[in-house]
Amino acid sequence: MKNEDSPTQEFREIVYESCKAIGLDDFPSRLISVLQTEKKGISFGELSEITGYSLSNLSTTIKGMEERQMVKKFKKPRSRKVFVVMDKDITSFFIELQKKRYKQSIEPSLKQIPEIIKKYEDNEEFQEELTIIKDYYKQTLFMSEETKKFIRALENREALK
């Protein structure tokens, strides 16, 4: 285990807090903070020791991260240990996070709100309520366009590498 007062430990805390701030749970945030500092990968055993999480929890979480292409598992020659390494490209990670948020929070509103408006727009009793809903929808349209622009800008910056 590395010295508690080191650039690596301080950096890990920054990464951990950043991950938490963008909405990731404690465990993935802790894993990402450690994996960001490992150049050639780290064994599950070492990762368990550093994070304090069980091998079972690690395996489950790493599997999900692997499915999202955030990490890769591998074995070294003549070793039975499983290692994991994380792509250090924070821009790609952030792009995927923004796409996920768009798909989960904006897309459903864009689809469902017009249906609500259409269903009740001819009923005078609901006009005040619909005013609020229509305003929310206009804001959602704006957020949709700005989020798409932001993602495209990040992707374009990615292409400049």
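Being a predicted model, the structure only gives us computed values, none of them experimental.

1. Topic: the sheet that holds strand 2 (residues 71-75)
Spatially, three strands are ordered 1-3-2 in an open sheet, and the strand pairing comes out antiparallel. The sheet terminates laterally at strand 1 (42-43) and strand 2, the two strands that pair on one side only. In terms of strand pairing, strand 2 meets strand 3 (residues 82-86) through five bridges, oriented antiparallel. When the sheet's bridge partners are listed, Val71 is paired in strand 3 with Met86.

2. So, the packing of helix 3 (residues 44-51) against helix 4 (residues 55-67)
Direction vectors running N to C along helix 3 and helix 4 enclose 110 degrees, while the axes themselves pass 10 Å from each other. In terms of orientation, helix 3 and helix 4 fall into the roughly perpendicular class. For the pair formed by helix 3 and helix 4, the contact residues are Phe44, Gly45, Leu47, Ser48 and Thr51 on the first element and Leu55, Leu58, Ser59 and Ile62 on the second. Partitioned by chemical class, the residues of the contact of helix 3 with helix 4 number five nonpolar, four polar and no charged.

3. Concerning the environment of Gly64
Looking at the element boundaries, Gly64 is found in helix 4. Residue Gly64 is classed as buried on the basis of its relative accessible area, which comes to 15%. Each C-alpha atom of the pair Gly64 and Thr131 lies 41 Å from the other, and the pair is 67 residues apart in sequence.

Conventions adopted
- Residues numbered from 1 in each chain as written.
- Predicted model: local features only at pLDDT ≥ 70, side-chain atom pairs only at ≥ 80, totals over all residues.
- Heavy atoms only, no water.
- Pairing = 2+ DSSP bridges.
- Helix = DSSP H or I, 4+ residues; strand = E, 2+ residues; numbered from the N terminus.
- Axes fitted to C-alpha atoms, helices over the stretch in contact; angles between N-to-C directions.
- Parallel < 35°, antiparallel > 145°, perpendicular 65-115°, else oblique.
- Contact = heavy atoms within 4.5 Å.
- Nonpolar A, V, L, I, M, F, W, Y, C, P; charged D, E, K, R; others polar.
- Buried < 20%, exposed > 50% of the residue type's maximum accessible area, 1.4 Å probe, protein only.

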